[in-house]
Amino acid sequence: MSFDVAPESYQRFMGRFAEPLADRFAPLGDLHRGERALDVGCGPGALSERLVALLGADGVAAIDPSRSLVEAARARLPGVDVRRAAAEDLPFADGAFDAALAQLVVHFMDDPVAGLSEMARVTTPGGRVAACVWDHAGGTGPLSTFWDAVHDVDPDAPDESGLAGSREGDLARLLSRAGLADVETVTLTVRVAFDSFEDWWTPFTLGVGPAGTYVGGLEPDAAATLRERCRALLPEPPFTLGATAWGAYGRV
Ligand SMILES: C[S@@+](CC[C@H](N)C(=O)[O-])C[C@H]1O[C@@H](n2cnc3c(N)ncnc32)[C@H](O)[C@@H]1O
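Residues numbered from 1 in each chain as written. Predicted model: local features only at pLDDT ≥ 70, side-chain atom pairs only at ≥ 80, totals over all residues. Heavy atoms only, no water.

A.B. asks: Please set out the overall build of the protein residue by residue, giving values where relevant.
C.D. replies: Counting secondary structure elements, the protein contains nine helices and seven strands. In terms of overall size, the protein behaves like a compact globule, its C-alpha atoms giving a radius of gyration of 18 Å where 252 residues would be expected to give roughly 18 Å. Seen through its C-alpha atoms, the protein measures out along the principal axes to roughly 55 × 35 × 30 Å. Considering only contacts within the protein whose residues lie at least 6 apart along the sequence, 75% involve residues at least 24 apart. Total accessible area on the protein is roughly 10,600 Å²; 49% of this is exposed by carbon and sulfur atoms. Of the side chains in the protein, 21 bear a positive and 37 a negative charge, and the two mean positions are spaced by 4 Å. (Helix = DSSP H or I, 4+ residues; strand = E, 2+ residues; numbered from the N terminus. Rg over C-alpha atoms; globule rule 2.2 N^0.38 Å. Contact = heavy atoms within 4.5 Å. Areas by Shrake-Rupley, 256 points an atom, 1.4 Å probe, with all protein chains shown as cover. Lys, Arg positive; Asp, Glu negative; His and termini not counted. Charge placed at Lys NZ, Arg CZ, Asp CG, Glu CD.)

Right under this line is the structure:
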């Protein structure tokens, strides 16, 4: 899935969930000052920013295949080594980092086991590899109301529940298949406030991710029907939504 989108669109759509999630996810790296960390699929840099606060800019490197998001991360995080690359082929030496982390990325990798194996390769023996993916399959992710509404109006529409890592136990199995030891699973929940229905809906029209791609492919009438179904399923504004991700980590 390509994320060659305007960084502002990404931030309006997913950044508002990804920023607080990064506060919850970063500690899974078990990192300490003086160590080095890699943010895999960094997007505009939510997780990298938390890692910089812990390790300093020279203790953090980041990669992402999206040109626009790499540029945004470089602008946001001066001094961080941000490169355009994919998880499946990391441009770093064996054991270069004390931890490698991927926030909301495994489900978009072409080959999740290959990506996690590469993360293990560039992490020093005894170091951590950690990942998290929204609970799309369990219905507690940030997009659950949207996909519920989609299926109400179009039962055969695709969704994100079959993506790697989005089902309970998936991430742990993938980490084990990638050779990680002592794998543990946790849940990470964030809460995000919305002032109005438009505040929630408009980001879906910006073309970001599978949900944005789906809305972008609808005829205007179908988009209007979906929009009103979403409105009916959501609480009266203003409202706050919870969103839960599966997190898992293992030792190299
Ligand atoms: C939902 S965004 C998450 C971005 C960021 N980690 C965050 O939490 O905001 C998914 C990211 O994964 C990146 N991505 C997609 N395929 C990838 C791959 N094979 N390797 C690394 N990153 C990938 C996308 O470019 C995008 O930036």
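Additional details are given in the paragraphs that follow.
A.B. asks: Describe the packing of aromatic side chains, listing the residues and the values that go with them.
C.D. replies: The geometry of an aromatic ring pair is captured by the separation of the ring centres together with the interplanar angle, meaning the angle of the planes. If you walk through the whole model with that rule in mind, you get 14 aromatic pairs. Summarising the aromatic geometry, the rings of Phe3 and Phe108 are spaced 4.9 Å apart at their centres and angled 70° between planes, so their arrangement reads as edge-to-face. Placement of the pair is Phe3 in the segment before helix H1 (7–25) and Phe108 in the loop between strand E4 (97–103) and helix H4 (112–121), with a sequence separation of 105 residues. On the basis of an interplanar angle of 85° and a centroid distance of 5.2 Å, the ring pair of Phe13 and Phe204 is categorised as edge-to-face. Separated by 191 residues along the polypeptide, Phe13 in helix H1 and Phe204 in the loop between helix H7 (197–201) and helix H8 (209–216) bring together distant segments of the chain. (Phe/Tyr/Trp six-rings, centres within 6.5 Å; stacked < 30°, edge-to-face > 60°.)

A.B. asks: Describe the sheet that holds strand E1 (residues 37–40), and please don't skip the residues or the numbers.
C.D. replies: Strand order across the open sheet formed by seven strands is E3-E2-E1-E4-E5-E7-E6, with mixed pairing between neighbours. Only two strands of the sheet have a single neighbouring strand rather than two, namely strand E3 (81–84) and strand E6 (181–194). Adjacent strand axes in the sheet meet at a mean angle of 20° when their direction is disregarded. Pairing analysis gives three bridges linking E1 to E4, with the strands arranged parallel. Opposite Ala37, over in E4, you have Ala99 as the bridge partner. Where H1 meets the sheet, its contacts fall on E4, strand E5 (123–134), E6 and strand E7 (239–251), and the angle it forms with E6 comes to roughly 135°. Packing against the sheet, helix H6 (residues 170–177) makes contact with E5, E6 and E7, and its axis sits at approximately 25° to E7. (Pairing = 2+ DSSP bridges. Axes fitted to C-alpha atoms, helices over the stretch in contact; angles between N-to-C directions.)

A.B. asks: Quick one: what's the story with the packing of H4 against H6, residue by residue and with numbers?
C.D. replies: Here H4 crosses H6 at 60°, and the two axes come no closer than 8 Å. Classified by the interaxial angle, the pair formed by H4 and H6 is oblique. Here H4 runs over H6; the crossing is right-handed. Counted together, Pro112, Val113 and Leu116 of H4 and Leu174, Leu175 and Arg177 of H6 form the full contact between these two elements. Of the residues in the contact of H4 with H6, the class split is five nonpolar, no polar and one charged. (Parallel < 35°, antiparallel > 145°, perpendicular 65-115°, else oblique. Left-handed = near helix turned anticlockwise from the far one by under 90°. Nonpolar A, V, L, I, M, F, W, Y, C, P; charged D, E, K, R; others polar.)

A.B. asks: Talk me through the side chain of Ser66; I want residue IDs and the actual numbers.
C.D. replies: Tracing the chain through its elements places Ser66 in the loop between strand E2 (60–64) and helix H3 (67–76). Residue classification places Ser66 among the buried residues on the basis of a relative accessible area of 3%. Only 2.8 Å separates the side chain of Ser66 from the backbone oxygen of Phe3, close enough to count as a polar contact. (Buried < 20%, exposed > 50% of the residue type's maximum accessible area, 1.4 Å probe, protein only. Polar contact = N/O pair within 3.5 Å; in protein donor to acceptor, adjacent residues only side chain to side chain.)

A.B. asks: I'd like a description of unusual backbone geometry, backed by residues and values.
C.D. replies: A negative phi angle characterises most non-glycine residues, just as the trans form characterises most peptide bonds. In this model, Pro237 is joined to Pro238 through a cis peptide bond whose omega is -10°. Here Pro238 is to be found in the loop between helix H9 (220–233) and E7. Phi angles above zero are rare outside glycine, and Asp30 is one such case at about 50°. Inspection of the secondary structure assignment puts Asp30 in the loop between H1 and E1. Even without a glycine there, the phi angle at Asp182 is positive, about 50°. Looking at the secondary structure, you find Asp182 in strand E6.

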